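Structural features, examined
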Amino acid sequence: MIGALLFRDIRLATRAGGSAALALAFFAAVATLVPLGVGVDLKLLMRVAAGVLWVAAVLAALLSLDRLFQADFEDGSLDVIALSPLSLETVAAVKIAAHWLTTGLPLTLLSPLLGVMFGLPPEAVGVLTLSLATGTPAVSAMGAIGAALTMSIRRGGLILPLLVLPLLAPAVIFGAGAVQAALDGLSSGALLFLAAFAVVATLLSPFAAGAAVRLNLAG
Amino acid sequence: MFAFANPKRFMDASSAFLPWLVAVTVLSLGAGVVLGFLTPPDYQQGETVKLMFLHVPAAWTAMMAYGLLALTSLFSLVWRHPLSDVAAKTAAPLGAVFTVLGLITGSLWGRPMWGAYWVWDARLTSFLLLLFIYLGYIALWNAIEDEVRAARAAAILALLGAVNLPVIEFSVDWWNTLHQGESIFRAGGPRISAVFLWPLALSGIGYTLLFFTLWTVRIRTEILERRARSILLSGAA
């Protein structure tokens, strides 16, 4: 049953009208606009690359979050899912996993290419990819809480970033910080802090998101 | 304490102690500010040190407000007291205002001292993030029409913020020390002398009491508003 829900969410995200490809295109488009704004100096681009790509990745992931629960809530399928033997916490965990597989993972896989285009040296590209692989689950997890809280609001997509972005500050700081440290040849605990943040966020968020879904369905 | 969770009892008790609270607030805040402005100029900061008596207590109060917001949110989630919903709802705008006050007075002080209205110092940045968390909380409350549902959703968000705030604080500190090991902000604190300490303590107490006064008034207003609304609704039916 978990598998059925997971594959359903993945299919919905990847088929026509789904948001997986859109998030990826958004990520690439934002990253392309930055050199147009700040200039083509590769030295400068190399310094800002990690920050820009991390912020773009977080925004791209947020873009598809507002539909995570809302679409199912609006067409009634969330009621059906809630009637299944799965607990709402499990449902939330599965939906987070599906969201990460269709946004966080593709963003991570695309990031080395963009990293190279921003002039990052190979080892920094590796750290960037590793940091996104470690940190994007936290983005999906934190975002899912926001999506569950706002799912009954008609314009929830506008409030969601305000709720989630401040809470994701640690992920951006440690993710981009790890790459900066690698550029400067320093060893830092950034990746470990990022991993700790991601583990705690991923473990706790199904409970918060499940509670939020429950209160929104109760009304 | 749970005795006061009854709105009726809260209204009776608060109408009795509110005048006293106002009086003590005016006294301590007035004394703190007046004594603060009578202090001699600091040997490094000159006259701008007087902003401290407005700035530091505002920051303290903003953080205390978030603590109280999280605490009342916990009460409202666990025990479902309507009064704690009201208390949490009304604490948030107050906390946001104190945060803004702290940021504004801080940047006015920063201009002559650091040469810039805004620097990406760890404390400033985490305070700005605190403001966004307050704004998100208020926005969520306003966006959900059903009051009970709004209260519980907002309470979940408040607790999430409370868990995350120390992590944000830590990460911002880490970020700042990694990127710009400026010494000016760290070394800028010669131990505070007694001349400044007393007015600061007084205005700290004054700000705290001011928060509690405004909070009580806002809770009372909200309760009265809800009563008025239910009377209107029952009249219309």
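Everything in this summary refers to the structure shown in the same document. Owing to the predicted nature of the structure, the values given are computational and were not obtained by experimental measurement. Residue positions are given per chain, counted from 1 along the sequence in the order it is written. In the order they appear in the text, chains get letters beginning with A and ligands get numbers beginning with 1. Local features in a predicted model are, by the rule used here, given only for residues with pLDDT of at least 70; side-chain atom pairs are given and counted only at 80 or more, and totals for whole chains, interfaces and linings are based on all residues. No hydrogens and no water enter the side-chain calculation; it runs on all heavy atoms of the structure.

**Side note on the side chain of E222 of chain B**
Note on placement: E222 of chain B falls in helix α7 (residues 194-236). Note on contacts: a residue pair is in contact if any heavy atoms of the two residues lie within 4.5 Å. In this view, E222 of chain B contacts V86, K89 and T90 of chain B; residues no more than four positions away in its chain are not counted. The secondary structure listing takes helices from DSSP runs of H or I that are at least 4 residues long and strands from runs of E that are at least 2 residues long, numbered from the N terminus.

**Let's talk about the interface of chain B and chain A**
Counting residues at the interface gives 27 residues for chain B, matched by 27 residues for chain A. Buried area is calculated as the accessible area (1.4 Å probe) missing from two parts once they are joined, with the contributions of both summed. Interface area for chain B against chain A, summed over the two sides, is near 2,300 Å², with a carbon-plus-sulfur share of 84%. Of all residues in chain B, R149, I156 and W174 of chain B give up the largest surface area on contact with chain A, accounting jointly for 26% of the area buried on that side. Salt-bridge detection follows one rule: a side-chain nitrogen of Lys or Arg within 4 Å of a carboxyl oxygen of Asp or Glu. Between the two partners, chain B and chain A, sit zero salt bridges.

**Topic: the packing of aromatic side chains**
Stacked, tilted and edge-to-face are the three classes applied to pairs of Phe, Tyr and Trp rings, where Trp contributes its six-membered ring and a pair requires centres within 6.5 Å; stacked means planes under 30 degrees apart, edge-to-face means over 60, and tilted covers the rest. The full count for this structure, using the stated rule, is 13 aromatic pairs over all chains. Taking 5.0 Å as the distance between ring centres and 70° as the angle between the ring planes, the aromatic pair formed by F193 of chain A and F170 of chain B counts as edge-to-face. Remark: F170 of chain B occurs in helix α5 (residues 147-179) and F193 of chain A occurs in helix α10 (residues 190-218); the pair is interchain, linking two chains. Each residue in the set F98, Y207, F211, F212 and W215 of chain B is aromatic and connected to the rest through ring pairs, giving one cluster. Whether a charge lies above a ring is judged from NZ of Lys or CZ of Arg, which has to be within 6 Å of the ring centre and within 35 degrees of the ring normal. Here K89 of chain B stacks its cationic end above the ring of W141 of chain B, 4.9 Å away from the centre of that ring. One Lys or Arg, R111 of chain B, reaches over the ring of Y117 of chain B and ends 5.3 Å from the middle of that ring.

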